[in-house]
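Take a look at the letters that make up each chain.
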Amino acid sequence: MADSSILTLGTARSLLVDTSVYDSRIAETTKDHVFLGMACNDEEDMLPKVETRVVLVGAAGRNGALVKALQDINTPCILTDDIQELGDGENTDFETVFVLTDFDSPDYNYLYKRDNRIVGPPVVLHCAAKEEPLQFSCRPLYCTTMLNLSLCFTGFRNKEEMKKLVNLVHHMGGTIRKDFSTKVTHLIAYSTHGEKYRLAVCMGTPILTPSWIHKAWERRDEVHFYAGEEEFRTEFKVPPFQDCILSFLGFSDDEKTNMEERTLKHGGSSLQVGDERCTHMVVEENSVKELPFSPMKLYVVKQEWFWGSIQMDARAGESMYFYEKNGSPAMKKAVSLLSLTTPNSNRKRRRLRDTLAQFTNETEISPFPPPRKRPSAEHSLSIGSLLDISNTEACKALAESSKPSKSSTPILSKQSARWQVSKELYQTESNYVDILSTIIQLFKLPLEKEEQVGGAILAQEEMKTIFGSIPEIYDVHTRIKGHLQELLTDWSEDRSIGDIILKYSKELVKAYPPFVNFFEMSKETIVRCEKQKPRFHAFLKINQAKPECGRQTLVELLIRPVQRLPSVALLLNDIKKHTSDDNPDKITLEKAIESLKEVMTHINEDKRRTEGQKQIFDVVYEVVDCPANLLSSHRTLVHRVETIALGEQPCDRGEHVTLFLFNDCLEIARKRHKVINTFKSPLGQTRPPPPLKHIALMPLSQIRRVLDLQDTEECVNAFALVVRPPTEQENLLFSFQLAGEETVKSAWLRTLCRHVANTICKADAEDLIQCTDPDSLRVSTKDMDSTLSKASRAIKKTSKKVTRAFSFTKTPKRVIQRAFMASSTPDEKRLSCENRLGSSSTLAAHHSPSMVNLPSMFERKYHTFSRSTTHLF
């Protein structure tokens, strides 16, 4: 059967691509597949131009938007409810296009049988929106929802169902291809079997269920909707275990439960081992020695098949993961290549004894060549873990290079304590480089690989967070390892080890802080992604089980850079202890140790700064409308205190207030009353809504006095701040009660006063604290949690919106003045009088330009004890 193309008439140009016929298993050929095409553009120009007329049938004619759209593209239209006059197809003077709103109506069947051109309203609206001529297709075209999409079908047994799907695709502007090729954009599959499915997986072609077509057809009237959008099609992906029934053999109860849950989540089901309905049996190859029965019509696969399918988000081919019994020829061949043992028990024990001797004597490299061994025995030493310090080619090279020669140093010098510790430094460095190489080769590069099957497993931001500067660290230590190997190969007691470390100290300073500082974040990202992303969890399961990892997780491997520099410093100290005083390397080693300490000090200081900045970012995310200028390189978070407001400022009495004390300012925020939206990051994770609302960011220089309110029957665990904003001519009183028992009031007030004193350059911070009777300030914590008090606060919050713009009442401030003057020195009293009489510029002179002023809420004179004060929060 031939492909169908688009007929272009007059000056109109079609946006549709060629259409291929659907699967040949459908015997009959319907009218949908008859096509009329043009051989070339020259023949198109030879056609006589035919006038186009559009007929709006029934409900389409009563759609004003359609009429206007046709006017926008300069196309005349006719409205009719009787299609028999215009739908006979015998008029050659016009090319008539019928617009129908229902492609399952008698009118549609009448026009379709007479080969009339039929389009849906979305086609007209689509062309009008793009300011293009009306499209013409050889088959009925309702919308452009699948324009430029080429589909292929597999796994269908019901021909009638498939025929309906093909018609829907054509009505939405898509094309159908019989054979799978690179031109196919989407594969519609009923199962995960078949050659087409395998090809689609290899080529990364989206594999979708028929529901995708039906759902797209339901949205056919949405002009701007496109079925090929990834966000829409994701929910219709064929899961990797569709039509698969799995059983699990050899796993622990927890592992089995986890795998059964993931099977169900990815479209499959699970049954007990031995059930005849099972299609696959997943075997834990390390614990299962022999199968309990001989499977006939059953795939027996290793667990790598299971995790690989989840990682690819598609069913992996079973042929690569077949489980082989221990007695099978294939397994015998594998064992003969990898095992230390042979069938002969004496040979087995002898070889094991030699291997253990090799491990126990690894620190004593003989200057004489080792006795000749059989090739098989030499090969047996290569199966050790990558992380085993005895298993490195470099160590073998050292052993070979330790043969005596005329120019070599005496044998005893090579067996000295300095040599032994130097060799240990090299061995640990070699193992460390191997671990870094494993992280890069086994984890980082595969995750960065472009065009991964199923798409990228992690986002770029997550990759940077997890691996950081690992490549830079690997590069530096690879060169250090090379120098150490060269030094030990041509060993002499006066060779300098310290010079090697000194040479790369600056590069270590550059490479380590970016990774060490964010290691906790890296670990958290791995844990979070493993929980939220099944493909990443499967990726880790597959790769962490490989021998290169030495049975360690990615997090355990990534902690090695954090531990490496202290370990090197300890080894250098040991080398220094075994270095004679007249050896030039003694002084060099001391310098190298000091340089490493400087590197670690720099890392620790940088880590503290990074953690401090992270804490400030957390505050910004936690507080709505938090000023952006809170973020500063010199600012650090000192303490956080949960309180309850006792006065009318800075917010209503009874509000839950959080105080964030920084080294130079105080952020005041209250608990939000209503939390609605959530923030969603580009990585797909949802951040919880900010629980706090910003009230004020106050420089510590504005705090004139800290009042320690004595505990009474009506006032418990309370304190107050006497504040003088530059915009105010009088002092303001902020009173709070500490919430909870976590914060000790005396310690909190001392910490606050110390940082206020540092900000205003005052030596004695204790002078800022004043013990005061709460009754003199009319501060009380009584009835804060009573029902009446809560009801009163609710009424005030409701009424303040009405009175906000009309209340200008002012009340005396004698109580605040009395409290401040009673605890002030004569100089401060004189300064207070000057401030009251001075200009606003004089007030501003006491404010540090690097600080942030209180917000405009203080530009009006609000008073602490007025019950009719205007409320802005």
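Residues numbered from 1 in each chain as written. Predicted model: local features only at pLDDT ≥ 70, side-chain atom pairs only at ≥ 80, totals over all residues. Heavy atoms only, no water.

1. Here's the deal with the overall build of the chain
So, point 1. Each helix and strand in the chain was counted, giving 30 helices and 23 strands.
So, point 2. Within the span of the chain, comprising 873 residues, buried residues form 46% of the whole.
So, point 3. Intrachain contacts of the chain at a sequence separation of at least 6 include 68% that bridge at least 24 residues. (Helix = DSSP H or I, 4+ residues; strand = E, 2+ residues; numbered from the N terminus. Buried < 20%, exposed > 50% of the residue type's maximum accessible area, 1.4 Å probe, protein only. Contact = heavy atoms within 4.5 Å.)

2. Things to note about the packing of aromatic side chains
So, point 1. Applying the stated rule across the entire model yields 20 aromatic pairs.
So, point 2. For the pair Phe-103 and Tyr-108, a centre-to-centre distance of 4.9 Å together with 25° between the ring planes defines the contact as stacked.
So, point 3. You can call Phe-103 buried: its relative accessible area is 9%.
So, point 4. By relative accessible area, Tyr-108 is classed as buried at 7%.
So, point 5. Among the aromatic residues, those joined into a cluster by ring pairs are Phe-241, Phe-248, Phe-251, Trp-305, Phe-306 and Trp-307.
So, point 6. Above the plane of the ring of Tyr-110 lies Arg-114, whose end atom (NZ or CZ) is 3.8 Å from the centre.
So, point 7. Across the ring face of Tyr-142, the terminal group of Arg-220 is positioned such that the distance to the ring centre comes to 5.7 Å. (Phe/Tyr/Trp six-rings, centres within 6.5 Å; stacked < 30°, edge-to-face > 60°. Lys NZ or Arg CZ within 6 Å of the ring centre and 35° of its normal.)

3. Overview of the environment of Leu-732
So, point 1. Assignment of secondary structure puts Leu-732 in strand β22 (residues 732–738).
So, point 2. Overall, the relative accessible area of 1% leaves Leu-732 in the buried class.
So, point 3. Between the C-alpha atom of Leu-732 and that of Gln-649, which follows or precedes it by 83 residues, the distance is 8.2 Å.

4. Thoughts on the packing of helix α2 (residues 64–72) against helix α4 (residues 121–129)
So, point 1. Relative orientation of the contacting elements α2 and α4 amounts to 45°, with a least axis distance of 9 Å. Relative to α4, the element α2 is oriented oblique. For the crossing formed where α2 meets α4, the hand is left-handed. For the pair formed by α2 and α4, the contact residues are Ala-65, Leu-66, Ala-69 and Leu-70 on the first element and Pro-121, Val-124, Leu-125 and Ala-128 on the second.
So, point 2. A per-class count over the contact of α2 with α4 returns eight nonpolar, no polar and no charged. (Axes fitted to C-alpha atoms, helices over the stretch in contact; angles between N-to-C directions. Parallel < 35°, antiparallel > 145°, perpendicular 65-115°, else oblique. Left-handed = near helix turned anticlockwise from the far one by under 90°. Nonpolar A, V, L, I, M, F, W, Y, C, P; charged D, E, K, R; others polar.)

5. A word on the confidence of the model for the chain
So, point 1. In the predicted model, the chain carries a mean pLDDT of 74, and the fraction of residues at 70 or more is 70%.
So, point 2. Note that residues 804–812 has pLDDT below 50 and, in this model, 12 contacts with residues that lie over four places away or in other chains. (pLDDT = per-residue confidence, 0-100.)

6. Looking at the pairing of strand β2 (residues 77–80)
So, point 1. Bridge count for strand β1 (residues 51–57) against β2 is four bridges, and the pairing is parallel. Residue pairing across strands places Val-54 opposite Cys-77, the latter belonging to β2.
So, point 2. Following the chain from β1 across α2 to the adjacent parallel β2, one finds a crossover that is right-handed. (Pairing = 2+ DSSP bridges. Right-handed = clockwise from strand over helix to strand, strands pointing away.)

7. Structural notes on the pattern of salt bridges
Two side chains carrying opposite charge are able to pair once their charged atoms lie near each other.
So, point 1. Following the criterion strictly, the structure yields 25 salt bridges and no others.
So, point 2. With its nearest N and O atoms 2.9 Å apart, the salt bridge here joins Arg-418 to Asp-585. One end of the pair, Arg-418, is in helix α16 (residues 417–448); the other, Asp-585, is in helix α25 (residues 585–622), and 167 residues separate them in sequence.
So, point 3. Judged by relative accessible area, Asp-585 falls into the buried class, the value being 1%.
So, point 4. Across the pair Lys-576 and Glu-590 runs a salt bridge whose closest N-O atoms are separated by 3.7 Å. Within this pair, whereas Lys-576 is found in helix α24 (residues 560–577), its partner Glu-590 is found in helix α25, the two being separated by 14 residues in sequence. (Salt bridge = Lys/Arg side-chain N within 4 Å of Asp/Glu carboxyl O.)

8. A closer look at the nonpolar core
So, point 1. Among the nonpolar cores identified, the biggest contains 57 residues, and Phe-443, Ile-497, Phe-536, Leu-558 and Leu-572 are the most heavily contacted of them.
So, point 2. Discounting residues that sit within four places of it in the chain, Phe-536 has contacts with Leu-447, Ile-457, Leu-458, Ile-466, Ile-526, Cys-529 and Glu-530.
So, point 3. Within the second largest apolar cluster, 34 residues are counted, among which are Ile-83, Leu-151, Phe-156 and Met-162. (Core = buried A, V, L, I, M, F, W, Y, C linked by side-chain atoms within 4.5 Å.)

9. Examining helix α20 (residues 505–516)
So, point 1. In this model, α20 (12 residues) spans 16 Å end to end at C-alpha, consistent with the 16 Å of a helix rising 1.5 Å per residue.
So, point 2. All of the buried residues along α20 are Ser-505, Leu-508, Ala-511, Tyr-512, Pro-513, Phe-515 and Val-516. (Expected span 1.5 Å × (residues − 1).)

10. Considering the sheet that holds strand β8 (residues 207–208)
So, point 1. Strand order in this open sheet of four strands is β6-β5-β7-β8, and the pairing throughout is parallel. Looking at strand neighbours, the two that pair on one side only are β6 (175–176) and β8, the edges of this open sheet.
So, point 2. By the bridge criterion, four bridges tie strand β5 (residues 150–154) to strand β7 (residues 186–189) in an arrangement that is parallel. What sits directly across from Cys-152, in β7, is Leu-187.

11. So, unusual backbone geometry
Among all residues except glycine, the phi angle is most often negative; among peptide bonds, the trans geometry is most common.
So, point 1. Look at the link from Gln-649 to Pro-650: it is a cis peptide, with omega at 0°.
So, point 2. With respect to the helices and strands, the residue Pro-650 is situated in the loop between β14 (637–645) and β15 (656–662).
So, point 3. One non-glycine residue with positive phi stands out, namely Asp-243, at about 65°.
So, point 4. Residue position: Asp-243 is located in the loop between α8 (230–233) and β9 (245–249).
So, point 5. A relative accessible area of 45% places Asp-243 in the partly exposed class.
So, point 6. You will see that Asp-625, though not glycine, has its phi angle at about 65°, which is positive.

12. Notes on the sheet that holds β22
So, point 1. Read across the sheet, nine strands follow the order β13-β19-β16-β15-β14-β22-β21-β20-β23 without closing on themselves; strand pairing throughout is mixed. A strand with exactly one partner marks an edge of an open sheet, and here the two such strands are β13 (623–624) and β23 (769–772).
So, point 2. Here helix α26 (residues 745–759) sits on the sheet in contact with β14, β15, β20 (703–709), β21 (718–723), β22 and β23, set at roughly 170° to β20.

13. Observations regarding a nonpolar patch on the surface
So, point 1. On the surface, a cluster of nonpolar side chains totalling about 270 Å² of accessible area is made up of Phe-617, Tyr-621 and Leu-631.
So, point 2. Considering the arrangement of structural elements, one finds Tyr-621 in helix α25. (Patch = residues over 30% accessible without salt bridge, like charges linked within 9 Å, V, L, I, M, F, W, Y side chains within 5 Å. Areas by Shrake-Rupley, 256 points an atom, 1.4 Å probe, with all protein chains shown as cover.)

14. A word on the environment of Glu-590
So, point 1. Assessed through its relative accessible area of 34%, Glu-590 is described here as partly exposed.
So, point 2. Distance in space between the C-alpha atoms of Glu-590 and Gly-498 is 7.7 Å, their sequence separation being 92 residues.

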